[in-house]
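Listed below are the residues making up each chain.
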Amino acid sequence: MTKLFHDAMYDPSRPLDSHWEASAGNPVADCDPVDGDVTCDVAVIGGGFTGLSAALHLARDDQLSVRVIEAVAPGWGASGRNGGHCCFGGAGLDPTEIVDAFSEEVARQNITAQREAIEFVADLAISNDLDIDMQGKGELCVAHTRKAMDELRDETAMWKRLGGFDCELMETPEVHDRMYEAPNITGGMLFPFGFGLHPMKYSRELARLAQRHGAVIHGNSPVTGWARENGKHRLATPTGTVTADKVLIATNGFTRDDLHPATDGCLLPVISEIVATRPLTDEELARHRYQAEMPLYDKRPMFAYYRVLPDRRIHMGGPGGMTGTPASKERWRSHHEKRIATIWPEWRDVEIEHCWRGFVCLSSDKLTHLGEVPDDPGVFYSLAYHGNGVAMASWSGRAIAGLISGRANRAIPATMTQPLRPFALPALRKFHVYKRYGLRMARNLLGIG
Ligand SMILES: Cc1cc2nc3c(=O)[nH]c(=O)nc-3n(C[C@H](O)[C@H](O)[C@H](O)COP(=O)(O)OP(=O)(O)OC[C@H]3O[C@@H](n4cnc5c(N)ncnc54)[C@H](O)[C@@H]3O)c2cc1C
């Protein structure tokens, strides 16, 4: 099997050092490993947002018997480790590229799905009283050059033309007065949709909700074998087997190439790394007149996403390197530390308390993929959210549940129903990031440069 990263990236016995894990409260109860030979209508491999959302909808709306088979615990993958920016995204193509590759209509469908995805998470949380620390409204992109500000102007016009909504452009004094005051800001764009949340709390609350509606969740149950028997799928784990009519692959960036031929060589995991500081004091917050509640990112060359959390910790994420070695984690930690000092010089000495990382997941055509394996009926997948799966994986879990049960479903954009294709020379796929995504994107994703 192709091994793309250091073992440390896959080893559940290594402490993650995630702030989310440290602050999420109790793990989900009743997640015993598979015990003996059990059966169900649908087996879901992977207990992140995709798998848990699918399990919830299959159990609640379709009254199917569902078992989530998770290698470690609900939220152990990217879902419990991410930035918690519940925002637009999913594909690695922007709307104008989708217009070029498909059509204006498909780009509009895609935008609609992204809006729905954010509303879906908010509605799910509010209507089920989920404790997920929702924070802020919208998403702020900060510019630090005139050129970047011009790009935001163009982007605002693009969203109006294709999405039919307004983004708010702000000049420097307005950013300072309403968001925060810091050097070199040339303006910003406030995107109207999105909010922040606590991703591990959300993962666990989603798991508990699915359980309340009848889904069974097995933790510590990596799927290690897959056989077909009498038209059914038999999944092997170290402590037992699960036999199911249908299977959903919801393993995203943690998918091992040998899990199923349909995904072999088709997914490119990319490391994203996050740091969280100790909580800031009132006096420290005042030094940058910090008031922004919503998630933020900026247009500096190396991609970074950040916010000040409800408990006032600075939370910053971005690239995490190409290897996954423990030494590379430390190098990237110091990169994020410097980035904090660049953005907010007054906070340069605020100690980092947690540093962790995980895999986001890219596909060879930069699209999210959701569907049924053509030559293996009954096997479904929903994968590749390009680092933006908080909203989109949740939405896709519901959408794929509809495809699995055959229930009437909401429109799935044509961008998501394209066949899943392998990377050329899959063993070298890390380097495809250059070719497929361009040098600048590769630098953003892999941190080269
Ligand atoms: C550091 C980081 C920051 C991010 N920030 C953001 C953000 O701010 N906003 C945003 O929208 N998105 C963000 N993302 C992306 C987002 O987290 C993912 O797109 C989303 O969580 C994907 O959910 P998932 O359920 O598909 O996959 P995952 O949450 O990765 O879950 C896959 C699960 O499958 C399990 N698994 C794998 N193989 C097997 C097997 N053989 N048997 C059983 N189980 C198996 C794994 O243990 C894992 O729990 C970030 C990701 C990372 C890593």
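Asker: Which residues make up the side chain of His369, and what values go with them?
Answerer: Take His369: it is sitting in strand S17 (residues 369–372). Engagement of the side chain of His369 in a polar contact is seen with the side chain of Asp365, the distance being 2.8 Å. The contact partners of His369, leaving out residues within four places of it in the chain, are Ser363, Tyr381, Ser382, Leu383, Met416, Gln418, Pro419 and Leu420.

Asker: Please give an account of the site of the ligand that cites residues and values.
Answerer: Of all residues adjacent to the ligand, which total 38 residues, the nearest are Thr50, Glu70, Ser79, Val223 and Val390. One nitrogen or oxygen atom from the main chain of Ala71 is found 3.0 Å from a nitrogen atom belonging to the ligand. Here Gly77 contributes a backbone N or O atom positioned 3.2 Å from an oxygen atom of the ligand. The fraction of the free accessible surface of the ligand (1000 Å²) that becomes covered by protein chains is 97%. For the shell around the ligand, the elements supplying multiple residues, two or more each, are helix H2 (49–60), strand S12 (267–279), strand S16 (352–363) and helix H10 (389–405). Across the shell around the ligand, the residue classes tally to 18 nonpolar, 18 polar and two charged.

Asker: For the sheet that holds strand S14 (residues 305–308), give the residues involved together with the corresponding values.
Answerer: Ordered in space as S5-S6-S4-S13-S14-S15-S12-S16, the eight strands form an open sheet in which the pairing is mixed. On the outer flanks of this sheet lie strand S5 (168–170) and S16, each paired with one strand and no other. Averaged over neighbouring strand pairs, the angle between their axes works out to 20° when direction is ignored. The strands touched by helix H5 (residues 146–163) are strand S4 (139–143), S5, strand S6 (187–191) and strand S13 (296–298); relative to S6, the strand with the most contacts, the crossing angle is about 25°.

Asker: I'd love a proper account of the nonpolar core, names of residues and values included.
Answerer: Ranked by internal contacts, the top residues of the largest apolar core, which has 65 residues, are Trp159 and Trp395. Every residue in contact with Trp159, bar those within four places of it in the chain, is listed here: Phe88, Pro95, Ile111, Gly164, Phe165, Cys167, Met189 and Phe191. Of all hydrophobic cores here, the second largest spans 28 residues; its members include Ala292, Met294, Val308 and Cys355.

Asker: Could you give an account of the side chain of His218, with specific residues and numbers?
Answerer: Inspection of the secondary structure puts His218 in strand S8 (residues 216–218). Only 2.9 Å separates the side chain of His218 from the backbone oxygen of Asp32, close enough to count as a polar contact. The contact partners of His218, leaving out residues within four places of it in the chain, are Cys31, Asp32, Pro33, Val34, Arg67, Val68, Ile69 and Glu70.

Asker: Can you tell me about the environment of Thr342, naming the residues and giving the values?
Answerer: Its place among the elements puts Thr342 in helix H9 (residues 326–343). Here the alpha-carbon distance between Thr342 and Pro183, two residues 159 residues apart in the chain, equals 8.7 Å.

Asker: Please provide a residue-by-residue account of the packing of helix H4 (residues 104–127) against H10, values included.
Answerer: Viewed as axis vectors pointing N to C, H4 and H10 meet at an angle of 90°, and their least axial separation amounts to 8 Å. One element, H4, and the other, H10, form an angle in the roughly perpendicular class. Contacts between H4 and H10 involve Ala113, Gln114, Glu116, Ala117, Ile118, Phe120 and Val121 from the former and Val390, Ala391, Met392, Ser394, Trp395 and Arg398 from the latter. For the contact of H4 with H10, the residue count by class is nine nonpolar, two polar and two charged.

Asker: Talk me through the pairing of strand S18 (residues 379–383); I want residue IDs and the actual numbers.
Answerer: The element S18 is largely enclosed, with a buried count of five among its five residues. Residues Val379, Tyr381 and Leu383 point to one face of S18 and Phe380 and Ser382 to the other, with burial holding for every one of them. Inspection of the sheet shows strand S11 (residues 240–249) paired to S18 by three bridges, in the parallel sense. Along S18, the bridge assignment pairs Val247 with Val379. Relative to S18, S17 runs antiparallel, the two sharing four bridges. The residue of S18 that forms the bridge with His369 is Leu383. Connecting S17 to the antiparallel partner S18 that follows it, the hairpin turn spans six residues, and Gly378 within it adopts a positive phi of roughly 95°.

Parameters and conventions
- Residues numbered from 1 in each chain as written.
- Predicted model: local features only at pLDDT ≥ 70, side-chain atom pairs only at ≥ 80, totals over all residues.
- Heavy atoms only, no water.
- Helix = DSSP H or I, 4+ residues; strand = E, 2+ residues; numbered from the N terminus.
- Polar contact = N/O pair within 3.5 Å; in protein donor to acceptor, adjacent residues only side chain to side chain.
- Contact = heavy atoms within 4.5 Å.
- Near = heavy atom within 4 Å.
- Areas by Shrake-Rupley, 256 points an atom, 1.4 Å probe, with all protein chains shown as cover.
- Nonpolar A, V, L, I, M, F, W, Y, C, P; charged D, E, K, R; others polar.
- Pairing = 2+ DSSP bridges.
- Axes fitted to C-alpha atoms, helices over the stretch in contact; angles between N-to-C directions.
- Core = buried A, V, L, I, M, F, W, Y, C linked by side-chain atoms within 4.5 Å.
- Buried < 20%, exposed > 50% of the residue type's maximum accessible area, 1.4 Å probe, protein only.
- Parallel < 35°, antiparallel > 145°, perpendicular 65-115°, else oblique.

Scope: geometric values only; no functional claims are made or implied.
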